Amino acid sequence: MARPGSKPSSSTPELVSPPRSCCQRSRISLRRHEEEKGGARLPGRPGHPRLPGHAKSRLCRRLPGSGTEQLPAATEHPDDSSSNRKRMGRRVQEEGRGASANGHRARATATGPAPQELAVGETRFSSCPKTSYLPFHSLSTRIEKLRTWKLEQQLFSRICWNNNLSDMSLLPFSFVSKAIKLLFSKLCPGYWIGIGDEDQAFSITMALEDSGRQRWQPANITKYGKIGGNVSVARDLGSTAAPVSEVDPYVILQMSTTPGTKFKTKTVTNSSHPVWNETFSFLIQSQVKNVLELSICDEDLITKDDICFKIFYDVSEVLPGKLLRKTFLLDPQGREELDVEFLMEKISGYPENLITNSVLVARELACLDVCLDRAGRTALTAGQDKLELELVLKGSYEDTQTFTLDTAPVFRFHYLAAQDAELSGHLRSSRNSGWNSDNSAGHFTVPLRSLTTGKEVTIDVPATNAPGVRLQLKADSCPKELAVRLGFDLCAEEQAFLSRRKQVVAKALKQALQLDRDLQEDEVPVVGIMAEGGGARAMTSLYGHLLALQKLGLLDCVTYFSGISGATWTMAHLYSDPEWSQRDLEGPISHAREHLAKSKLEAFSPERLASYRRELQLRAEQGHPTTVVDLWALVLESMLHGQVMDQKLSGQRVALERGQNPLPLYLSLNVKENNLDTLDFKEWVEFSPYEVGFLKYGGFVPPELFGSKFFMGQLMKRLPESRICFLEGIWSNIFSLNLLDTWYDLTCSGGDWKQHIKDKIQNLEKASVASSATSSWMESSWLKPGTALAQAFKGFLTGRPLHQCGANFLHGLQLHQDYCNQKDFSIWADCQLDSTPSRLTPQEPQLCLVDPGYFINTSCSSMLRPGRKMDLILSFNYSLNSPFEALQQTELYCRARGLPFPHVELSPEDQHQPKECHLFSDPTCPEAPVLLHFPLVNVSFKDHSAPGVQRSPAELPAGQVDVTRDTSPYALYNMTYKEEDFDRLLRLSDYNVQNSQAAILQALKTALKRRVPETRPSGAQI
């Protein structure tokens, strides 16, 4: 664990045993923020003026210019005489002191008895020269006109509206209140309505709305070391949250680092100035990033509750024993504020073992075994209901488990050892599990702190319908070793492979460059292949490129072999043969030619569809989630191979045992299933035969465990390893796109992409400056109150209806308190969400993996992983009409992230007519690799059948390969090639590499010179 004044190692996980005082308890308090200005108070509700109960319906509307518009007259109520109205106006003005001369939001309300009082906060009343009354029969007439509106039909179709609204007295007051408010907002735009009840008689008061801003100051939140809270007061909520009615606010408090601990205040109905006065506390671990999440919500009876504001606060700013008061600005465009008080206190507790790589933290887990005492089992008689026992352990991996007493299995819960957890249970009849079930009988709670580790305890379950039921409980510790590797260095298996592979590369370089001595291991340059995606076109062209490297004797000079999308189809097929690079490639090429040329209708035959269904059912039975991406994987396997290929990623280790082949690296992107497009949130996920993991977090698992279920770095349930076809479906997953991804792909140019990256960099810099200045921040502006339609529209744009779904092996792990400042994390942290731990991947139970082409059509992140220290990259491009776009995007991205990458500078001639090979380097940056880029172009191949061999007139048609137009037979979504088209593309790729032999050899010499400047080839100079 990082210590003050020292920088922790980013490579080796550190085992930490904090002192007994490492756990802290904090108290959060939302308390009354006393106003600077005075005001009369409502008895029983501090801060709320009480209005006269005799007010009925009053309505006025200010016309443009001057004067008022008078609505239809009605019979005046005896209590609503002119003098009474004037007295009420004066009283409201006195109680709402400090109203500005130009007017604030005007409102007046009728209130009833104490149980149904309407709290309206600091009410200010604007003078209305003339008023009129709106009788209920007029209200009913207008409501009938609205009945055709879809929204009102949905909300109020079961309400009987009549002239005196007598049937509405049978409904809850808050429901009727909201119903009338919503309808009035449609009937009379520009009016504000307040509703009160008195002896079940409804009164309505309306006044002119004002456009002036209101200051919102909900309550104070206080934090203590066992961080706890007293939620007390909010002000002027209605000014922003509900422009036509009061809100029904409540507050939710939670921390992602204290799973299972979530607090909710009571709901204060119809109030813009609610008073809560409730206290909460959190037990926190000081070595992780503790961020308090405060959600201020508006309760709705019918629709989903609205989130008015969401605040995040890093509690590490609070010093133990010192009261801290803060004021949060809730809306940058408004004056709404939240006043918060925090107090931290240290507490003694059990020492907790932590394992960390300075970004992720694995906390110590405990497990609880629960089983039914065999001596206490109750035999069921004929016709007797089955009894179900529901066990709940909040914050545990399992959360809730249910079983019937006649089965009585053994259950296990996994939870944080330092957590103040408790097991709750409920014994009930299987027929009485609904609303009519007894909520008290059969309930029990067991604090887990009371259990002794390793000792079995028996408890009685209170139940009148099943006496003698007893449970056996046993708490124990979990294994200290993690199933997830935490570290940013290369794994031990890869480092051992590098040692073996460098021996092969050294021999190949000595022969290719005609060196006069053998190279030592540290003198061998690291060469990698970086293959872009492009469907069947990429698969075919990559075969041609590899064939050419093999013919030139340069394939053994390559150490790493990375690819995405269609390039991974070639890679996965090749590595099914452990000796593929040492054998003739014509075998795999013939296999690819055969299956690309055949009809793809066979993949959709009834027999194949039935086999897909059986396979998906088997995966579901094994515990894997099944999605359309899994179906795509099976269809792809049928199209490319025509049979089931029983191969797994872990099986490719055989091809690396002696270093006989390059190490394959496959890439994918993890994205958000909803709410964000790929450009706004993406995380690189690397697959190799040794491990699968996130580059940003430094968390990896063996491929055998990918898809299994994890919690806090521990393996919870091991599932069978998926066949590699399902991984190919993930690597080329083009189905989990959203509308924004599609729109970007159709409309954005290279310049737009560059501008997007620049904007992101600026936003991240601003966020970094803001985070350094304050430890709190607001949720996205989409969460502002009054933007429900905007939220729904954004969800429509960013949702992924066909998303891929897989278990998250980082699930439950927490973020280190200083994770944002770790270089290994910041290199790959390119999203604004990276500063919000609760929104990052470790808090998600599932992953959503897509083709990296959604972002950049490149596998550069694997090549540029710091531990690999690349000297030369062979970049193979498979784009039809953008030979440099992905490369330029890669350069821009890498420079923004601080990754070493050569300058991609092109002359106008090269952009207009690309050559077969382009060399890029950056002499000013020694860490940047040399890069050879091979665009998919037909320059000299059309005139030459081989390097230096001119085509005869009869051979010229064979050189006509169309790789520029959208009408080309090699279009992205075309999965069926004629054999002659396949061969032409293959030979073109083969020719372009062979024709660039001199450039490749020169690049190898440059790479070698970077390692050993004094080494000279025999009879030549480097």
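A. Structural detail: the pairing of strand 41 (residues 930-934). Within strand 41, five of the five residues are buried, which leaves the element mostly enclosed by the surrounding structure. Of the two faces of strand 41, the one holding Val930, Leu932 and Phe934 and the one holding Leu931 and His933 are both buried throughout. Of the pairings in the sheet, the one linking strand 39 (residues 872-876) to strand 41 comprises five bridges and is parallel in character. Within strand 41, the residue paired with isoleucine 873 across the bridge is leucine 931.

B. Here's a closer look at helix 20 (residues 979-994). With 16 residues, helix 20 extends 22 Å between its outermost C-alpha atoms, agreeing within 8% with the 22 Å of an ideal straight helix rising 1.5 Å per residue. Along helix 20, the positions that sit buried rather than exposed are Asp981, Phe982, Asp983, Leu985, Leu986, Leu988, Ser989, Asp990, Tyr991, Asn992 and Val993. Buried positions along helix 20 lie against helix 7 (535-551), helix 9 (586-597), strand 39, strand 41, strand 42 (944-946) and helix 21 (997-1011).

C. View of the sheet that holds strand 24 (residues 470-477). Strands sit in the order 20-17-24-23 across an open sheet of four strands; the sheet is antiparallel. Two strands lie at the open edges of the sheet, namely strand 20 (411-416) and strand 23 (456-460), each paired on one side alone. Adjacent strand axes in the sheet meet at a mean angle of 25°, parallel and antiparallel pairs treated alike. Note: strand 17 (residues 365-372) against strand 24, seven bridges, orientation antiparallel.

D. Molecular detail of the pattern of salt bridges. Summed over the entire model, instances satisfying the criterion amount to 31 salt bridges. Notably, a salt bridge pairs lysine 310 with glutamate 293, separated by 3.5 Å at the nearest N-O pair. Taken together, the residues lysine 310 in strand 12 (residues 306-314) and glutamate 293 in strand 11 (residues 291-298) connect sequence positions 17 residues apart. When salt bridges with common partners are traced through the structure, they connect Glu494, Glu686, Arg865 and Arg868 into a single cluster.

E. Seen up close, the pairing of strand 11. In terms of burial, strand 11 is a largely internal element, eight of the eight residues being buried. Here strand 11 shows no split at all, with Val291, Glu293, Ser295 and Cys297 on one side and Leu292, Leu294, Ile296 and Asp298 on the other all buried. Judged from the seven bridges that link them, strand 8 (residues 249-255) and strand 11 form a sheet pairing that is antiparallel. In the strand pairing of strand 11, glutamine 254 is matched with glutamate 293. Where strand 11 meets strand 12, eight bridges bridge the pair, whose relative direction is antiparallel. Counted as the bridge partner of valine 291 is aspartate 314 from strand 12.

F. Summary view of the side chain of arginine 608. Within the element layout of this structure, arginine 608 appears in helix 10 (residues 606-622). For arginine 608, a relative accessible area of 18% puts it in the buried group. Apart from residues lying up to four places away in sequence, arginine 608 is in contact with Glu602, Ala603, Ser638 and Gly642.

G. Seen up close, the side chain of lysine 310. Residue lysine 310 is classed as buried on the basis of its relative accessible area, which comes to 13%. At a separation of 3.5 Å, a polar atom in the side chain of lysine 310 contacts the side chain of glutamate 293.

H. Summary view of helix 18 (residues 885-897). In this model helix 18 runs 18 Å from its N-terminal to its C-terminal C-alpha over 13 residues, within 8% of the 18 Å that 1.5 Å per residue would give. When we look at burial in helix 18, the residues that qualify are Ala886, Leu887, Gln889, Thr890, Glu891, Tyr893, Cys894 and Arg897.

I. Broad picture of unusual backbone geometry. Residue serine 358 is not a glycine yet carries a positive backbone phi of 75°. Mapped onto the elements, serine 358 comes out in the loop between strand 15 (354-356) and strand 16 (360-362). The class of serine 358 is buried, set by a relative accessible area of 3%. Residues other than glycine seldom take positive phi values, yet glutamine 514 does so here, at roughly 55°. Along the chain, glutamine 514 turns up in the loop between helix 6 (492-512) and strand 26 (527-531).

J. The packing of aromatic side chains, seen in detail. This model, assessed by the stated rule, comprises 21 aromatic pairs. For the ring pair phenylalanine 694 and phenylalanine 809, a centre distance of 5.7 Å and an interplane angle of 50° mean the geometry is tilted. Of this pair, phenylalanine 694 sits in strand 30 (residues 692-694) while phenylalanine 809 sits in the loop between strand 35 (806-807) and strand 36 (814-815), and the two are 115 residues apart along the sequence. Residue phenylalanine 694 shares its accessibility class with phenylalanine 809, and that shared class is buried. Seen from their ring centres, tyrosine 819 and phenylalanine 825 are 5.1 Å apart, and the 80° between their planes marks the pair as edge-to-face. We note that tyrosine 819, like phenylalanine 825, is buried. Over the face of the ring belonging to tyrosine 250 we find lysine 264, whose NZ or CZ atom lies 4.2 Å from the ring centre. One cation-aromatic arrangement involves arginine 619 over phenylalanine 726; the distance from NZ or CZ to the ring centre is 4.0 Å.

K. Region of the structure containing the packing of helix 7 against helix 8 (residues 566-574). The interhelical angle for the contact between helix 7 and helix 8, taken along N-to-C directions, is 50°, at an axis separation of 6 Å. One way to sum up the angle between helix 7 and helix 8 is to call them oblique. Here the hand of the crossing between helix 7 and helix 8 comes out right-handed. On helix 8, the residues touching Gly535, Ala536, Ala538, Met539, Leu542, Tyr543 and Leu546 of helix 7 are Gly566, Ala567, Trp569, Thr570, Met571, His573 and Leu574. Considered class by class, the residues forming the contact of helix 7 with helix 8 number ten nonpolar, four polar and no charged.

Rules behind the numbers
- Residues numbered from 1 in each chain as written.
- Predicted model: local features only at pLDDT ≥ 70, side-chain atom pairs only at ≥ 80, totals over all residues.
- Heavy atoms only, no water.
- Buried < 20%, exposed > 50% of the residue type's maximum accessible area, 1.4 Å probe, protein only.
- Helix = DSSP H or I, 4+ residues; strand = E, 2+ residues; numbered from the N terminus.
- Pairing = 2+ DSSP bridges.
- Expected span 1.5 Å × (residues − 1).
- Contact = heavy atoms within 4.5 Å.
- Axes fitted to C-alpha atoms, helices over the stretch in contact; angles between N-to-C directions.
- Salt bridge = Lys/Arg side-chain N within 4 Å of Asp/Glu carboxyl O.
- Polar contact = N/O pair within 3.5 Å; in protein donor to acceptor, adjacent residues only side chain to side chain.
- Phe/Tyr/Trp six-rings, centres within 6.5 Å; stacked < 30°, edge-to-face > 60°.
- Lys NZ or Arg CZ within 6 Å of the ring centre and 35° of its normal.
- Parallel < 35°, antiparallel > 145°, perpendicular 65-115°, else oblique.
- Left-handed = near helix turned anticlockwise from the far one by under 90°.
- Nonpolar A, V, L, I, M, F, W, Y, C, P; charged D, E, K, R; others polar.

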